[in-house]
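# Summary of the model geometry
One-letter residues, chain by chain:
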Amino acid sequence: MTGADDIIDLTFRRYEQYVNPGIATLVKFMGFDTVEVASEGCYIYDADGNKYLDCWGGPGVFNMGHRPERIIRRVAQQLEKMPLSSHILANPLTAELAERLAEVTPGSLQFSFFCNSGAEAVEGALKAARAHTGRPEFVSTQGGFHGKTFGALSASGRDVYRDPFQPLMAGFTHVPFGDAQALAEAVTDKTAAVIFEPIQGEGGIVVPPDDYLPRAREICDEAGALLILDEVQTGFGRTGKWWACDWAGVVPDIMTMGKALGGGVMPMGAFIARPEIWDIFAENPYVHTSTFGGNPLACSAGLGAIESIEEDGLCERAAERGDQFMEGLSAIAAEFQDKIVEVRGRGLLIGVQFDDSDVAGLVISALAGEHIVAGYTLNNPKVIRFEPPLIISAEQVEEALAAFSQALDNTAALLQ
Ligand code: PLP
């Protein structure tokens, strides 16, 4: 037994006894009979020193890569000065990040609330919509994913995650994603807000028709309801623009974000809204709070994340590498038409839909054998996602494509 074997064995035993035996079984089934111990750029390293190209990317967390130098540097410097805030005195980093977010988000989005995760951002957005409109109901989408706390789960659209916890929050209606007519019929004068992702991530990387966001904006405006766009996964350059809603030129009333906001270094979430919506929070700043939200360490990472997107040209890189990846995947899909139904996405948010979730599972495991980290989308296990860091090089995209092709050959041989 090597030292690496010891740590692998011990980690799985601890998962089985103290974390969750189901997770131990699942990761082994996915082909990862090992443990991760380090990461750098686009690669994750296991205990034996093997490296894996990360095509999963968090998902949506590692837009700037693993351990991005400029963000690590900012966070390390802040760690030496003041990691957490008193919450009594005002903190310069919270203020600076809020200003920067107002600059990089569209339209008149201006005031930010900082929290620690995407789900928490969604909770805050739902509360803000209720308080601002005085209305009780929400419309969200089937297959949508907004997190797993009660409010966020109530907005999400996959029964397998909802059923064990019923009753969820009352007042949610789920309509088919991308269907503006269904949305128009569901929104009433009781609707506080419509919430959906501009491109569904966990729903299977689903891009709506071009007129969907503009129509949703009109429907909300006509009904006096707010439009909340959840950019937790699609934001921070992932689709080739700063925000996925920028493709449609639509500005929401509230936008939620998380994942890459922390630069792949710190956990962080936020929601940002138009000034009028902030009245309730300005009148009573303690009506919605978070002990760790907006802490200086996370804010220093957030500032680094914004700087990376701007200075490293990450939106442009996502668009270019996304085209290359999508073209390559489409060519491979044409050779495996018996298994692959569709390749779709935008920028480096790409999904490959299989006709069978078991086959998708076998391909993920075969990809692990090719030293590629990939996974399926939570609300649609027929879809394997490709969401690598936005810093991925053209050569690394070719490496991933060759591995995908090999994984499909290996899976086909297994199924014969
Ligand atoms: N919203 C979207 C669109 C997401 O994709 C996710 C997570 O995948 C969430 C919200 C929840 O984020 P978190 O897991 O940080 O709570």
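Our subject is the structure that appears above.
Described below are features of the structure shown in this document. (Residues numbered from 1 in each chain as written. Predicted model: local features only at pLDDT ≥ 70, side-chain atom pairs only at ≥ 80, totals over all residues. Heavy atoms only, no water.)

### A few points about the overall build of the protein
Secondary structure assignment for the protein yields 14 helices and 15 strands. For the protein, whose C-alpha radius of gyration is 21 Å, the value lies close to the compact-globule estimate of 22 Å for 416 residues. With respect to the principal axes defined by its C-alpha atoms, the protein has extents near 60 × 55 × 45 Å. Looking at the protein as a whole, 54% of its 416 residues qualify as buried. Taking the contacts inside the protein whose residues are at least 6 apart along the sequence as the reference set, 72% of them involve residues at least 24 apart. For the protein, the exposed area adds up to about 17,500 Å²; of that, 52% sits on carbon and sulfur atoms. (Helix = DSSP H or I, 4+ residues; strand = E, 2+ residues; numbered from the N terminus. Rg over C-alpha atoms; globule rule 2.2 N^0.38 Å. Buried < 20%, exposed > 50% of the residue type's maximum accessible area, 1.4 Å probe, protein only. Contact = heavy atoms within 4.5 Å. Areas by Shrake-Rupley, 256 points an atom, 1.4 Å probe, with all protein chains shown as cover.)

### Looking at the environment of Lys81
Structurally, Lys81 is set in helix 3 (residues 69-81). A C-alpha to C-alpha distance of 9.5 Å links Lys81 and Pro296, two positions 215 residues apart in sequence.

### Observations regarding the pattern of salt bridges
Applying the stated criterion to the full structure yields 20 salt bridges. The closest approach of N and O atoms between Asp253 and Arg217, which form a salt bridge, is 2.8 Å. Within this pair, whereas Asp253 is found in the loop between strand 8 (226-230) and strand 9 (254-257), its partner Arg217 is found in helix 9 (residues 212-223), the two being separated by 36 residues in sequence. By the burial criterion, Asp253 is buried, and Arg217 matches it. One connected set of salt bridges, linked through shared partners, spans Arg70, Arg74, Glu307, Glu311 and Asp312. (Salt bridge = Lys/Arg side-chain N within 4 Å of Asp/Glu carboxyl O.)

### Some details on the state of the cysteines
Covalent bonding between the sulfur atoms of two cysteines is what defines a disulfide. As enumerated under the stated definition, the model contains 0 disulfides in all. Considering cysteine sulfurs only, Cys42 is the nearest to Cys55, which forms no disulfide, with 8.4 Å between them. No disulfide involves Cys115; its sulfur sits 11 Å from the nearest other cysteine sulfur, which is in Cys299. Classification of Cys115 by relative accessible area gives buried; the value is 2%. (Disulfide = S-S within 2.5 Å.)

### Examining the site of the ligand
If you check the shell around the ligand, you find Ser117, Gly118, Ala119, Phe145, His146, Gly147, Glu197, Glu202, Asp230, Val232, Gln233 and Lys259 and nothing else. Between Ala119 and the ligand, the recorded distance is 2.8 Å, taken from a backbone N or O atom to an oxygen atom. Within the side chain of Asp230, an N or O atom sits 2.7 Å from a nitrogen atom of the ligand. In the complex, 82% of the free accessible area of the ligand, which totals 390 Å², lies under the protein chains. By residue class, the composition of the shell around the ligand is 3 nonpolar, 5 polar and 4 charged. (Near = heavy atom within 4 Å. Polar contact = N/O pair within 3.5 Å; in protein donor to acceptor, adjacent residues only side chain to side chain. Nonpolar A, V, L, I, M, F, W, Y, C, P; charged D, E, K, R; others polar.)

### What to know about the sheet that holds strand 11 (residues 340-346)
Taken together, the 4 strands give an open sheet; going across it, the order is 11-12-15-14, and neighbouring strands pair in antiparallel fashion. Two strands in the sheet have a free side with no partner beyond their single neighbour: strand 11 and strand 14 (375-377). Strand-to-strand twist in this sheet, taken as the mean axis angle between neighbours without regard to direction, amounts to 35 degrees. Bridge count between strand 14 and strand 15 (residues 380-386): 3 bridges; the pairing is antiparallel. Bridging from a neighbouring strand, Tyr376 pairs with Ile384 of strand 15. Packing against the sheet, helix 14 (residues 394-415) makes contact with strand 11, strand 12 (349-354) and strand 15, and its axis sits at approximately 15 degrees to strand 12. (Pairing = 2+ DSSP bridges. Axes fitted to C-alpha atoms, helices over the stretch in contact; angles between N-to-C directions.)

### A short note on the pairing of strand 2 (residues 43-46)
For a regular strand, side-chain orientation follows a simple rule: the groups alternate between the two sheet faces. Two strands pair when backbone bridges link them, and strand 1 (residues 36-40) and strand 2 are joined in this way by 4 bridges, in the antiparallel orientation. For Ala38, the partnering residue across the bridge sits in strand 2 and is Tyr45. Between the antiparallel neighbours strand 1 and strand 2 lie 2 residues, among them Gly41 with a positive phi of about 60 degrees. Here strand 2 pairs with strand 3 (residues 51-54) via 3 bridges, running antiparallel. Directly across from Tyr43, in strand 3, lies its bridge partner Leu53. Hairpin connection between strand 2 and strand 3: a loop of 4 residues separates the two successive antiparallel strands, and Gly49 in this loop has a positive phi of roughly 85 degrees.

### A word on a nonpolar patch on the surface
Taken together, Tyr15, Tyr18, Val19 and Ile23 make up a surface patch of nonpolar side chains, about 410 Å² in accessible area. Element by element, the count of residues in the nonpolar patch is highest for helix 1 (residues 3-19), at 3 residues. Tracing the backbone through its elements, the reader meets Tyr15 in helix 1. (Patch = residues over 30% accessible without salt bridge, like charges linked within 9 Å, V, L, I, M, F, W, Y side chains within 5 Å.)

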